[in-house]
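Observations on the model geometry
Here's the letter readout for the chains.
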Amino acid sequence: MTEIPLNSVLWVGAILFVCGVICMTTKRNGIGVLMGVELVLNGANINFVAFSRYGKLGLDGQVIALFVIVLAAAEAAVAIAIALNFYNNHLTIDVDQGDTLRG
Amino acid sequence: MFSNLLEQLIAETTLTSLCHFVPELALSATIVVLLLLRLCWSIDRWIPAYVTALAGALVALGFSGFQLLNLLDGRGELSSARVEVNGGETSLRVASDVQTVRIVSGASDEVAINPGEIIVTVSGGDGAASVGAVLTFLNGDAAQKTLKESGQRLCAVMLAGSAETKLPKDGISATLESHQHFGGLLVFDQFGAFVRGLLALFLVLMIALTVLTGIPDAEDGPDFYTLLFGATIGMMLMASANHLLIFFLGIEMASVPSYVMVGFLKGRRESSEAAFKYVVYGAGAAGVMLYGISLLCGLLGTASIPEVSVQLGAMLSGDGFSTAEARTALLAVLMVFVGLAFKLSLVPFHFWCPDAFEGASAEVAGFLSVASKGAAFALLVRFSLALTGGIEVASDTLAGVGVAIGVIAALTVTFGNLAAYGQSNIKRLLAYSTIAHAGYMLMAVSALIVIQAAGSGVAGFDVAGNSERCVEGLLFYLFVYLFMNLGAFAVVALIRNETFSEDIDSYNGIGWECPVLCSCMAICMFSLVGLPPFGGFWGKLVIFASLFQAGHIHWFLWVLLVIAGLNTVFSLFYYVRVLKAMFIRPRAEGARRVDILPSMGNYALLIAIPVLLLGLLPNSVTELARTVSRALFE
């Protein structure tokens with residue numbers, strides 16, 4: 001079995017990152033934006049694990065990836081609760097509908 | 001072998017590391033107690049949650065103050081101690097900044113004190129006995145508390161060694177790293193201890209404010225204080241981060257509870273909208289920052305901040321940013337700065353700040369405005385020092401990074417001050433004022449980076465002294481800012497409880513009905529402008545002085561100084577508009593009389609008097625800030 005080179009793995013992470021950023025900037029649905037954030041976090045996680053396997057980062061990379069997974073779960077829980085609260089008050093989760101506060 | 005390793009790790013953690021992080025532990029314990037009291041016995045029906053919270057915060061404040069004093073007292077902070085046994089001669093090398101040593105027990109033959117190092121040499125006799133005697137000598141020096149502590153630990157190491165091996169003749173060495181803890185994840189130094197003390201002090205004042213305004217009602221109290229304490233622990237971790245993992249975890253630990261606290265006023269349309277915007281943008285910025293951290297870690301092969309500094313210096317020492325790796329590293333650093341800029345609400349990442357502040361209650365807005373900014377600046381200083389710490393020769397490219405940060409600072413200050421003019425809501429006005437103040441403090445960081453990066457290239461320029469001055473200005477500014485900004489938000493919250501409004505128009509003529517509160521507001525606002533004799537004046541002055549010094553290296557810092565000075569003048573007008581409404585405009589016909597409790601007036605005085613005192617007698621605090629920042633550059 002041939003070894004997959006580091007750069008290919010990094011490409012996967014970079015593509016995930018770009019997809020996530022595009023998702024964050026173009027989606028108007030709040031949940032869609034949060035899914036974009038998850039893509040970005042996982043793109044970073046792939047980088048960490050790849051650098052830990054091929055680079056000098058060692059186990060640090062894998063430990064960071066584990067922490068980030070837990071943190072993404074916590075952040076998603078909070079974000080979804082806030083989105084629900086927003087929905088209760090506005091009957092939509094369209095981020096553009098939140099326009100009471102401006103100036 | 002694995003179990004040995006584990007035992008060693010546990011012993012190291014419990015014996016040496018945990019005791020340095022007692023404030024964090026106290027706060028964590030308070031969270032557990034708060035939740036237990038609610039879950040198990042519903043005791044919080046009889047004992048309000050704020051009692052527990054206040055007790056926990058006071059304990060944390062006590063410990064952090066004690067640790068800071070201890071650190072300042074024992075100026076001989078050890079960076080390493082090494083015992084060498086060569087033949088019949090035993091010597092103990094202690095790297096520290098101790099200038100004088102009193103000999104208590106005459107066990108040593110020779111004591112040499114070089115700058116930054118003490119060498120105690122003992123000749124003849126049994127090795128173990130000699131080392132023991134040397135350590136008794138160190139222990140006997142009562143003035144050096146940290147030295148004593150480390151001496152005891154060293155003694156334990158030596159005795160453990162001697163029991164088995166009888167001290168080999170041809171040299172043994174035991175190196176103790178005294179300020180990095182938990183395997184290098186956290187660092188315990190004066191800078192971190194200072195910021196931590198500031199955060200604990202702010203927490204106590206904040207809880208006292210929530211007791212007075214009653215914003216978390218009895219039902220929600222435990223939840224609110226749990227979130228508040230969680231966020232504060234995150235900020236304390238940010239202040240003592242020494243590893244990119246803690247860097248990221250600290251920011252997230254501070255942010256996630258903040259999102260919830262912004263949306264804490266349930267059923268309010270504005271509150272839910274503010275929290276939603278904050279969480280969406282905040283999560284996005286955190287994601288981008290994490291990707292930057294992953295690139296940085298991977299390129300440099302390490303996540304420990306001191307090693308990042310060394311590796312980055314090695315990478316940039318050649319051709320600056322000409323290689324592909326160096327350019328990728330620059331991109332990664334830029335991404336990390338995006339995350340920090342979001343926390344600091346710098347232009348162009350400021351747009352969440354006014355919305356979040358307007359939707360949140362004034363107490364929470366005050367917390368976000370002071371505590372999260374303070375912690376983020378501590379982290380920014382650590383990261384900037386890591387960025388510039390490893391370079392050997394003057395680097396114009398890194399100075400360019402500093403200048404770029406200066407441009408952002410100028411934009412932030414100008415935008416914040418201009419946008420504050422048109423506001424009719426006081427919390428929104430204070431939000432833009434917060435943005436502007438973040439810009440002033442960022443100027444100090446910009447000067448710091450320029451000085452550190454290119455200072456050595458200018459003949460006769462005192463790099464360490466001027467860098468010290470930048471950090472000193474920043475720390476003093478943070479100290480004053482804590483009081484003056486909290487004071488402004490506290491008065492807004494207290495008046496809101498009476499008039500049920502946060503519009504500037506609703507303040508018309510209020511000054512004569514509650515003179516104490518409004519005078520305190522006036523003190524805080526004049527201090528925010530930077531007028532003498534208030535504390536804010538000295539804060540601005542020290543930062544401007546450091547900008548002037550940095551201008552000798554790059555002319556842009558002088559431009560920045562002019563921009564900052566002009567902005568200070570501009571900012572006077574929108575603060576004065578609020579005071580004009582309070583004291584000069586007539587009270588609206590038929591408006592309900594504002595009648596505040598004496599305790600509220602006393603609280604406002606408690607916050608405003610330090611602002612005045614810091615303006616009249618700034619010396620003790622500037623001395624403290626100088627000592628703390630000097631320790632950072634040794």
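Residues numbered from 1 in each chain as written. Chains lettered and ligands numbered in written order. Predicted model: local features only at pLDDT ≥ 70, side-chain atom pairs only at ≥ 80, totals over all residues. Heavy atoms only, no water.

1. Things to note about the overall build of chain B
Our working rule: Helix and strand definitions follow DSSP, with helices as H or I runs of at least four residues and strands as E runs of at least two, each counted in order from the N terminus. Three exposure classes are used, based on accessible area relative to the maximum for each residue type with a 1.4 Å probe and protein chains only: buried under 20%, partly exposed in between, and exposed over 50%. We call two residues in contact when some of their heavy atoms are within 4.5 Å. In short, Shrake-Rupley with a 1.4 Å probe defines the accessible areas, and a residue's cover is counted only from the protein chains shown.
Per the secondary structure count, chain B includes 21 helices and six strands. Burial statistics for chain B: of 634 residues in total, 61% are counted as buried. Across chain B, every contact between residues at least 6 apart in sequence was considered, and the portion connecting residues at least 24 apart equals 77%. Per element, the accessible surface of chain B, about 23,300 Å² overall, is 65% carbon and sulfur.

2. As for the overall build of chain A
Cut-off, in case you're wondering: For the radius of gyration, the atoms used are the C-alpha atoms, and the globule rule reads 2.2 Å times the number of residues raised to 0.38. The charge count treats Lys and Arg as positive and Asp and Glu as negative. His and the chain ends do not count. The location of each charge is read from NZ of Lys, CZ of Arg, CG of Asp or CD of Glu.
Scanning chain A for helices and strands turns up three helices and zero strands. Put simply, chain A runs from its N terminus to its C terminus through helices and strands in the order α-α-α. Here chain A has a C-alpha radius of gyration of 17 Å; the compact-globule value for 103 residues is 13 Å, and the former is much larger. In terms of its C-alpha atoms, chain A occupies a principal-axis envelope of roughly 55 × 30 × 25 Å. For chain A, the residues scored as buried account for 40% of the 103 residues in total. Contacts spanning at least 24 positions in sequence make up 52% of the contacts within chain A whose residues lie at least 6 apart. With 5 positive and 7 negative side-chain charges, chain A shows a spacing of 6 Å between the two charge centroids.

3. A look at helix H17 (residues 515-529) of chain B
Residues and elements named next belong to chain B. As a reminder of what qualifies: By this rule the span expected of a helix is its residue count minus one, scaled by 1.5 Å.
Compared with an ideal rise of 1.5 Å per residue, which puts 15 residues at 21 Å, H17 spans 21 Å between its outermost C-alpha atoms and is within 8% of the ideal. Residues of H17 that are buried make contact with helix H15 (426-454), helix H16 (463-499), helix H18 (535-550), helix H19 (556-583) and helix H20 (598-616). Positive phi appears at Gly 530, one or two residues downstream of H17, with a value of about 105°.

4. Brief notes about the side chain of Gln 67 of chain B
All names here are of chain B. To be explicit about the condition: Two N or O atoms form a polar contact when they lie within 3.5 Å of each other; inside protein one atom must be a possible hydrogen donor and the other a possible acceptor, and for residues adjacent in sequence the pair counts only when both atoms belong to side chains.
As for its position among the elements, Gln 67 is in helix H3 (residues 49-73). Looking at Gln 67, the relative accessible area reads 8%, which means it is buried. Within polar-contact distance, the side chain of Gln 67 engages the backbone oxygen of His 20 at 3.4 Å.

5. Focus on the confidence of the model for chain B
For residues with low pLDDT, the predicted coordinates do not support detailed interpretation. Residue and element names in this part refer to chain B. To be explicit about the condition: What pLDDT reports is the predictor's confidence in each residue, on a scale of 0 through 100.
Looking at chain B as a whole, its pLDDT mean stands at 81, while 83% of the residues score no less than 70. Ranking the elements of chain B by mean pLDDT puts helix H5 (residues 145-165) last with 40 and helix H8 (residues 244-262) first with 94. Overall, residues 132-177 carries pLDDT values under 50, and its contacts beyond four positions in sequence, including any with other chains, amount to 92 contacts. Both scores are available for the predicted complex, with the pTM at 0.85 and the ipTM at 0.96.

6. Quick word on unusual backbone geometry
Following Val 347 of chain B, the chain continues to Pro 348 of chain B via a peptide bond in cis, the omega torsion being 5°. Here the amide bond leading from Pro 532 of chain B into Pro 533 of chain B is cis, since omega sits at 5°, within 30 degrees of zero. Here the phi dihedral of Leu 91 of chain A falls at roughly 55°; this positive angle occurs in a residue that is not glycine. Take Leu 91 of chain A: it is sitting in the segment after helix H3 (59-90).

7. Let's talk about the interface of chain B and chain A
Rules: Summed over both partners, buried area is the accessible surface (1.4 Å probe) that two parts give up on being assembled. Only one rule defines a salt bridge in this text: a Lys or Arg side-chain nitrogen within 4 Å of an Asp or Glu carboxyl oxygen.
With 44 residues of chain B at the contact, the number on the chain A side is 39 residues. Between chain B and chain A the total buried area reaches about 3,500 Å² when both faces are included, carbon and sulfur atoms providing 73% of it. Considering only the side of chain B, the residues that lose the most area to chain A are Glu 273, Phe 276 and Tyr 291 of chain B, jointly responsible for 20% of the buried surface there. Where chain B meets chain A, there are zero salt bridges. Counting across the chain B and chain A interface gives five residue pairs in polar contact (both at pLDDT 80 or more). For the side of chain B that touches chain A, the secondary-structure elements that each account for two or more residues are H8, helix H9 (269-300), helix H12 (352-359) and H15 of chain B. The element that contributes the greatest number of residues to the side of chain B that touches chain A is H9 of chain B, accounting for 23 residues.

8. Some points on the packing of helix H6 (residues 190-213) of chain B against helix H13 (residues 362-389) of chain B
Residue and element names in this part refer to chain B. Put simply, the rule is: Angles run from 0 to 180 degrees between N-to-C directions of axes, and those axes are lines fitted to C-alpha atoms, restricted for helices to the stretch in contact. Angle categories are assigned with fixed cut-offs, so that under 35 degrees is roughly parallel, over 145 is roughly antiparallel, 65 to 115 is roughly perpendicular, and the rest are oblique. The classification used treats Ala, Val, Leu, Ile, Met, Phe, Trp, Tyr, Cys and Pro as nonpolar, Asp, Glu, Lys and Arg as charged, and all other residues, Gly among them, as polar.
Between H6 and H13, the least distance of the axes is 10 Å, while the angle of their chain directions is 175°. Put simply, H6 runs roughly antiparallel to H13. Where H6 abuts H13, its residues Phe 191, Gly 192, Val 195, Leu 199, Phe 202, Met 206, Leu 209, Thr 210 and Thr 213 lie against Glu 363, Val 364, Gly 366, Phe 367, Val 370, Ala 371, Gly 374, Ala 375, Ala 378, Val 381 and Arg 382. Split into classes, the residues belonging to the contact of H6 with H13 amount to 13 nonpolar, five polar and two charged.

9. What about helix H1 (residues 6-26) of chain A?
For clarity, the threshold we go by: This arc is taken over the directions from the axis of the helix to the C-beta atoms.
Taking 1.5 Å as the rise per residue, H1 of chain A with 21 residues should run 30 Å; its terminal C-alpha atoms sit 30 Å apart, in good agreement. Where H1 of chain A is concerned, the buried positions are Leu 10, Gly 13, Phe 17, Gly 20, Cys 23 and Met 24 of chain A. Angular distribution of buried residues about the axis of H1 of chain A spans 150°; they occupy a single face of the element. Of the residues in H1 of chain A, the exposed ones pointing more than 90 degrees away from the buried face are Asn 7, Trp 11, Thr 25 and Thr 26 of chain A. Contacts made by the buried residues of H1 of chain A are with helix H2 (30-54) of chain A together with H9 and helix H11 (324-344) of chain B.

10. Brief notes about the pattern of salt bridges
Residues and elements named next belong to chain B. Tallying each qualifying case throughout the model produces 18 salt bridges over all chains. A salt bridge links Glu 363 to Arg 496, with the shortest nitrogen-to-oxygen separation between them at 3.1 Å. You can see Glu 363 sitting in helix H13 and its partner Arg 496 sitting in helix H16, a full 133 residues away along the chain. In this structure Arg 496 comes out as buried when scored by relative accessible area, which is 12%. Several salt bridges share partner residues, and in doing so they unite Glu 273, Lys 277, Asp 355, Glu 358 and Arg 428 into one network.

11. Notes on the side chain of Thr 213 of chain B
Residue and element names in this part refer to chain B. Topologically, Thr 213 is positioned in helix H6. Note on Thr 213: relative accessible area 8%, which makes it buried. Within the local environment of Thr 213, its side chain forms a polar contact with the side chain of Glu 363, the two groups lying 2.6 Å apart. Residues contacting Thr 213, with those up to four places away along its chain left out, are Glu 363, Ala 493, Leu 494, Arg 496 and Asn 497.

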